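Architecture at a glance
Spelled out from the first residue to the last, the chains are:
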Amino acid sequence: MSDLLKKGFFIGLGAAMSSKEKFDKVVDEMIAKGQVSPGEAKDMMNEFKEKGEKKNQEWSAQSEQYFKDMIKDLGFVTKEEYEKLESRIEKLEAKHEE
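Keep in mind that this is a model prediction, so the values were computed, not measured.

Considerations on the pattern of salt bridges
Using the criterion set out here, one finds three salt bridges in the structure. Two residues, E58 and K55, come together in a salt bridge whose shortest N-O distance is 3.2 Å. In this pair, E58 and K55 both sit in helix α2 (residues 38-73), three residues apart, roughly one turn of the helix. Given a relative accessible area of 31%, E58 falls into the partly exposed group. Residue K55 is classed as partly exposed on the basis of its relative accessible area, which comes to 37%. A salt bridge links K68 to E64, with the nearest nitrogen and oxygen atoms 3.3 Å apart. Placement of both K68 and E64 in helix α2 is noted, with a separation of four residues, approximately one turn of the helix. Residue E64 is classed as partly exposed on the basis of its relative accessible area of 47%.

Rules of the game
- Residues numbered from 1 in each chain as written.
- Predicted model: local features only at pLDDT ≥ 70, side-chain atom pairs only at ≥ 80, totals over all residues.
- Heavy atoms only, no water.
- Salt bridge = Lys/Arg side-chain N within 4 Å of Asp/Glu carboxyl O.
- Helix = DSSP H or I, 4+ residues; strand = E, 2+ residues; numbered from the N terminus.
- Buried < 20%, exposed > 50% of the residue type's maximum accessible area, 1.4 Å probe, protein only.

Dropping the structure here:
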C-alpha cells in the first residue's frame, strides 16, 4: 500500500511541476509580447499559487477521509475510539475494585 501511495505522490508532484513550468513559460511569453506587465504577471503567479494550495488542501482532506473510511471498513479502531474504550475500562475497573 505504501508503494502505491508513494507512486501517487510522485505522479502528482510531477504533474504539478510540469504545470508550473508550462504556466511560467506562458506568463513569460505574455510579458515578452507585452500582453501583461511584470506586476500583473506576479499577481497571476500568486493567484495560481493560492489556487494550487487551496486545491492541495481539498485533496488532502479528501485523502484523509478516504483513508479513515478504509481503516474503518477494515475493522480498525481510531486512536480516539481506543482512548475512549480505555477510559471506560479504567472506570469500570475502579468501580469493580470498590
